[in-house]
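Residues per chain are reported as follows:
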Amino acid sequence: MNTEIEVCIDNLESLYNALAGGANRIELCSSLALGGLTPSFGMMKQAAIISSVPVYAIIRPRQGDFIFDNDDMNCMLEDIEACASAGLDGVVLGVLAPNGSIDMPKMQQLAEKAHSLKLGITFHRAIDQSSDFQAALEQIISLGCERVLTSGLAVNAEQGIDVLAAMVKQADGRIDIMAGAGVNAANAKMIQCATQVPALHLSGKSTRASLMENGSSAQMGSDDIDDYQIPVTDASKVFDVRFALTIKE
């Protein structure tokens, strides 16, 4: 199986690195430390210019749960339009109801908007907070989504192997199951072989030192964030996952 590798990024430096490492697709975000939020329109446009592979932007207006009100929905619909205007290939989204089921009326509204603009759709890890993943998967398929990103309802994809395998079996080729969360060169081959997922998702995260020549005690955000360490995708980590998948057992 020729496994796709999707890399999630939240800056354009990481886009270049992901491409150098052999990414097949990009999930474009801001604030990966918060699980990924909607990127700016400027970032979308520049990513479309730079990237040689499809770019899907996450449509998530805030951190936290996946219950979105009407103001959030209006924002998300505008952001889907922005993705199309910027020249991107698709969107990554998901909406839940308070009981943990897929909020189908809202998802239908978002999916119809994306389809009307000829954008592909990935349903994101909101499924990992769903109350019934089997029912959720059928609903996601009915929405015309191309794939679902999931850790198998676990902390990471390695721990969610059994559910991932069950999802692949249930999907039966109707939708791609993409395993994400904690995927790396050490476990990528095992996860893929055990589950038969056609795609893996990772950030390949690392950091680099700031180019600032003088320091400051002023903090731009939370005290536990070092403003002089820049989070970036490591091209070698992406390449190592790709290489690991080619090793014959």
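Data block above holds the structure.
Report on the accompanying structure. (Residues numbered from 1 in each chain as written. Predicted model: local features only at pLDDT ≥ 70, side-chain atom pairs only at ≥ 80, totals over all residues. Heavy atoms only, no water.)

**Looking at the nonpolar core**
- The biggest cluster of nonpolar side chains holds 67 residues, and the ones touching the most others in it are Ile-26, Leu-28, Val-91, Leu-110, Phe-123 and Ile-177.
- No other element matches helix α3 (residues 70–86), which puts seven residues into this core.
- When sequence neighbours within four positions are dropped, the list of residues in contact with Ile-26 reads Glu-6, Val-7, Ile-9, Leu-15, Ala-18, Ser-51, Val-53, Pro-54, Val-55 and Tyr-56. (Core = buried A, V, L, I, M, F, W, Y, C linked by side-chain atoms within 4.5 Å. Buried < 20%, exposed > 50% of the residue type's maximum accessible area, 1.4 Å probe, protein only. Helix = DSSP H or I, 4+ residues; strand = E, 2+ residues; numbered from the N terminus. Contact = heavy atoms within 4.5 Å.)

**Examining the sheet that holds strand β7 (residues 176–180)**
- On the basis of which strands lie adjacent, the closed barrel formed by eight strands has the order β1-β2-β3-β4-β5-β6-β7-β8 and parallel pairing. Strand-to-strand, the axes of this sheet are offset by a mean angle of 25 degrees, without reference to chain direction.
- Here strand β2 (residues 25–28) runs beside strand β3 (residues 55–58); their pairing, made up of three bridges, is parallel. Bridge assignment links Glu-27 to a residue of β3, and that residue is Tyr-56.
- The sheet strands contacting helix α4 (residues 104–116) are β4 (90–93) and β5 (120–123), and the helix crosses β5 at an angle near 150 degrees. (Pairing = 2+ DSSP bridges. Axes fitted to C-alpha atoms, helices over the stretch in contact; angles between N-to-C directions.)

**Overview of a nonpolar patch on the surface**
- Residues Phe-239, Phe-243 and Ile-247 make up a contiguous nonpolar surface patch of about 310 Å² in total accessible area.
- On the secondary structure map, Ile-247 appears in the segment after α8 (235–246).
- A relative accessible area of 42% means that Ile-247 is categorised as partly exposed. (Patch = residues over 30% accessible without salt bridge, like charges linked within 9 Å, V, L, I, M, F, W, Y side chains within 5 Å. Areas by Shrake-Rupley, 256 points an atom, 1.4 Å probe, with all protein chains shown as cover. Salt bridge = Lys/Arg side-chain N within 4 Å of Asp/Glu carboxyl O.)

**Let's talk about the side chain of Ser-14**
- Tracing the sequence through the fold places Ser-14 in helix α1 (residues 12–21).
- When near neighbours in sequence (up to four residues on either side) are disregarded, Ser-14 contacts Ile-9, Pro-231, Val-232 and Thr-233.

**Describing unusual backbone geometry**
- At Leu-153, a residue that is not glycine, the phi angle is positive and equals roughly 70 degrees.
- As for its placement among the helices and strands, Leu-153 is situated in the loop between β6 (147–150) and α6 (161–171).
- For Leu-153, a relative accessible area of 35% corresponds to the partly exposed category.
- Here the phi dihedral of Gln-196 falls at roughly 65 degrees; this positive angle occurs in a residue that is not glycine.
- Locating Gln-196 in the fold gives a position in the loop between α7 (188–195) and β8 (199–202).

**A short note on the layout of surface pockets**
- Reported here for the largest pocket is a volume of approximately 1,200 Å³.
- Lining the largest pocket are 44 residues, and of these Cys-8, Leu-32, Ala-33, Ser-203 and Lys-205 lie nearest its centre.
- Contributing elements (two or more residues each) for the lining of the largest pocket: β8, β9 (205–209), β10 (229–233) and α8.
- The element contributing the most residues to the lining of the largest pocket is β10, with five residues.
- Class assignment of the residues belonging to the lining of the largest pocket gives a composition of 18 nonpolar, 16 polar and 10 charged. (1 Å grid on protein atoms, 1.4 Å probe; cavity = no way out; pocket = protein on both sides within 12 Å on 5 of 7 lines; lining within 4 Å. Points joined across faces, edges and corners; volume = space filled by probe spheres on them. Nonpolar A, V, L, I, M, F, W, Y, C, P; charged D, E, K, R; others polar.)

**Section: α4**
- When the terminal C-alpha atoms of α4 are compared, their 18 Å separation across 13 residues agrees well with the 18 Å that a helix rising 1.5 Å per residue should span.
- Of all the positions in α4, only Met-104, Met-107, Leu-110, Ala-111 and Ala-114 are classed as buried. Seen from one end, α4 has its buried residues packed into an arc of 130 degrees, which puts them on one side. Facing away from the buried surface of α4 by more than 90 degrees, the exposed residues are Pro-105, Glu-112 and Ser-116.
- Of the surrounding secondary structure, the elements contacted by the buried residues of α4 are α3, β4, β5 and α5 (133–142).
- Following α4 by one or two positions, Lys-118 has its phi on the positive side, about 60 degrees. (Expected span 1.5 Å × (residues − 1). Arc of directions from axis to C-beta.)

**Quick notes on the environment of Asp-172**
- Residue position: Asp-172 is located in the loop between α6 and β7.
- Between the alpha carbons of Asp-172 and Val-91 there is a distance of 23 Å; along the sequence they are 81 residues apart.

**Here we look at the state of the cysteines**
- With the rule as written, the count across this model stands at zero disulfides.
- No disulfide involves Cys-8; its sulfur sits 5.8 Å from that of Cys-29, the nearest cysteine.
- Take Cys-75: it sits in no disulfide, and the sulfur closest to it among the cysteines is that of Cys-83, at 11 Å.
- Overall, Cys-75 belongs to the partly exposed group, its relative accessible area being 34%. (Disulfide = S-S within 2.5 Å.)

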